[in-house]
Amino acid sequence: MELKIKTCPTCDSKNFRRKTGALTHYHRRREIRVPRATYWECGDCGEQVYSLDDMHKITEYVRRHFSKAA
Ligand SMILES: [Zn+2]
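All chains use their own residue numbering, which begins from 1 and follows the written sequence. Per-residue local features are limited, in this predicted model, to residues with pLDDT of at least 70; the limit for side-chain atom pairs, both in listing and counting, is 80 or more; totals at the level of whole chains, interfaces and linings are taken over all residues.

A. Molecular detail of the overall build of the protein chain. Within the protein chain one finds one helix and three strands. Strands are runs of DSSP state E lasting at least two residues, helices are runs of H or I lasting at least four, and both sets are numbered from the N terminus onward. Starting at the N terminus, the α and β elements of the protein chain follow one another as β-β-β-α. Across its three principal axes, the protein chain shows a C-alpha extent of roughly 40 × 25 × 15 Å. Residues with at least 20 neighbouring C-beta atoms inside 10 Å of their own are called buried, those with 12 or fewer are called exposed, and the rest are partly exposed, where every C-beta is derived from the backbone. In the protein chain, which comprises 70 residues, the share counted as buried stands at 9%.

Structure representation (structure tokens):
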């Protein structure tokens with residue numbers, strides 16, 4: 001599933017870039033790294049938007065590693 005996002009959903013900036021590579025997500029102050037992710041990041045406000053696939057990976061990771069807390 002391919003998302004096409006051209007502007008930041010938070011601040012409407014056009015400085016919104018698609019990135020591929022390691023993604024660091026913070027869940028309850030703990031780092032979750034997805035080594036190969038595709039996401040978008042706003043150069044102005046830092047907002048990150050993940051692709052559905054990567055959101056799913058993060059959710060799975062959280063479930064596996066943080067199930068006691070969740
Ligand atoms: Zn923004």
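B. View of the pairing of strand S1 (residues 16-27). Only strands joined by at least two bridges in the DSSP assignment are considered to pair. Taken together, the 11 bridges between S1 and strand S2 (residues 30-42) define a ladder with antiparallel strand orientation. Counted as the bridge partner of His25 is Ile32 from S2.

C. Fine view of the pairing of S2. Two successive antiparallel strands, S1 and S2, enclose a turn made up of two residues, where Arg28 displays a positive phi of approximately 50 degrees. As judged from the three bridges shared by S2 and strand S3 (residues 48-50), these two strands associate in the antiparallel manner. By the bridge assignment, Tyr39 is partnered in S3 with Tyr50. Taken together, S2 and the strand that follows it, S3, pair antiparallel across an intervening segment of five residues, in which Gly46 is found at a positive phi of about 85 degrees.

D. Region of interest: the environment of Tyr39. Assignment of secondary structure puts Tyr39 in strand S2. The spatial distance from the C-alpha of Tyr39 to the C-alpha of Tyr50 is 4.5 Å, given a sequence separation of 11 residues. With sequence-adjacent residues up to four places away left out, Tyr39 is seen in contact with Lys19, Leu23, Gln48, Val49, Tyr50, Ser51 and Asp54. Residues are treated as contacting if the C-beta atoms built from their backbones sit within 7 Å of each other.

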